[in-house]
Amino acid sequence: MAVASPLSPWSSFRSFICTTNNSDEMSLITVTGYPASGKSTRASQLKAFLDSRHNNVLLLSDHSLNISRDVYSDSRAEKAARGTLFSSMQRLMSPNAILIVDAPNYIKGFRYQMYCAARELKLRVCTIHVVAKDEQCREWNAARSDGEKYTNETLENLMQRYEEPSSMVRWDSPLFTVLWSDEQMPLQAIWEAISEGTVKPPNSGTVAVSKAPSDALLTLEKTALSIITELMNIQDGYGGTVKLSAQIQLPPRRLTLPELQRLKRQFVQVHKKAITLGTVEKGSVDWDENKIAHKFVVYLEEHLKH
Ligand SMILES: Nc1ncnc2c1ncn2[C@@H]1O[C@H](COP(=O)(O)OP(=O)(O)OP(=O)(O)O)[C@@H](O)[C@H]1O
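Residues numbered from 1 in each chain as written. Predicted model: local features only at pLDDT ≥ 70, side-chain atom pairs only at ≥ 80, totals over all residues. Heavy atoms only, no water.

- Under an unreviewed UniProt entry, the protein chain has the name Kti12, chromatin associated and belongs to Marasmiellus scandens.

Structure below.
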């Protein structure tokens, strides 16, 4: 995988600057991602862009609420902190405000609650998923000097518990995925989602969005899933029908299903954006089963701990 250089947070919005104001957009933007994945960096980048288009952009975060990192190592304190975040969010949501909620927002059910609260007020919503590899988050966390460092244990814990957003469910959509290596955020598309997107009526349930995934997305999911199933079967002595054209070098220890599932989720997330946008990443030609299998095997070899 290519190693990207650190991005410059301000480089991507300059071309969109204009001075539209006094609009009646009301919206909730939920930022989510791993701990120390760059959520606040992206949230302030987004706020700077939106400030040039709207006169009431608010940013709510653990930091602005003085919520300490320690809450994430104590489930009761964490629950109370989520309550504080939620009530502040409700207080700040208003006509003519764009509210960005920059917090871990890693629990699916919590994002759903936020979505319902926004719909009650007929706000437009969108979710920004900031994606960084585990290793990158560890590195950024270790290097941070802003007093917001997580302990290693809390960091690992939060990464394990993270529930990824999905564009297939209403409460996470529209979903914008921003990779740690992306120089640009999709600022214009986010603006359109919150200023022109559909305002969903309250209380119309939680069913999945009807839009079908592309074949490529399904193949990506299915192929990665069949590989981890096969690996578990082989490890448990059930053998397996080896369909892969690639061989895999495994670490000399037992692999666990949760770790394989986590790597699968990350792998899918990393490649989903290219597929949904119809763009092609450097080095990949298409998305057939064999090529995906090969990419996933390489990904596993790179990321499985020895
Ligand atoms: N793209 C990037 N390039 C280089 N460094 C980055 C990048 N994104 C974030 N960082 C660094 O990583 C650290 C964490 O960034 P940031 O606060 O944006 O993450 P976060 O996800 O909001 O963290 P938290 O989970 O603590 O809220 C900071 O020290 C920041 O400077």
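1. Thoughts on the sheet that holds strand 2 (residues 57-61)
- The strand order across the open sheet built from five strands is 2-3-1-4-5, with neighbouring strands paired in parallel fashion. Both edges of this open sheet fall to strand 2 and strand 5 (175-179), since each of them pairs with a single strand only. Direction aside, neighbouring strands of the sheet carry axes that sit 20 degrees apart on average.
- Across seven bridges, strand 1 (residues 27-33) lies against strand 4 (residues 124-131) in parallel orientation. Residue pairing across strands places Gly33 opposite Val130, the latter belonging to strand 4.
- Lying on the sheet, helix 3 (residues 108-120) is in contact with strand 1, strand 3 (98-102) and strand 4; it crosses strand 1 at an angle near 170 degrees.
- Here helix 6 (residues 187-195) sits on the sheet in contact with strand 1, strand 3, strand 4 and strand 5, set at roughly 155 degrees to strand 4. (Pairing = 2+ DSSP bridges. Helix = DSSP H or I, 4+ residues; strand = E, 2+ residues; numbered from the N terminus. Axes fitted to C-alpha atoms, helices over the stretch in contact; angles between N-to-C directions. Contact = heavy atoms within 4.5 Å.)

2. Details of the packing of helix 1 (residues 39-51) against helix 6
- The N-to-C vectors of helix 1 and helix 6 enclose an angle of 65 degrees; their axes lie 11 Å apart at closest approach. By the angle between their directions, the pair helix 1 and helix 6 is classed as roughly perpendicular. Crossing handedness for the pair helix 1 and helix 6: right-handed. Between helix 1, through Leu46, Phe49 and Leu50, and helix 6, the contact on the second element is made entirely by Leu187, Gln188, Ile190, Trp191 and Ile194.
- Of the residues assigned to the contact of helix 1 with helix 6, the class counts are seven nonpolar, one polar and no charged. (Parallel < 35°, antiparallel > 145°, perpendicular 65-115°, else oblique. Left-handed = near helix turned anticlockwise from the far one by under 90°. Nonpolar A, V, L, I, M, F, W, Y, C, P; charged D, E, K, R; others polar.)

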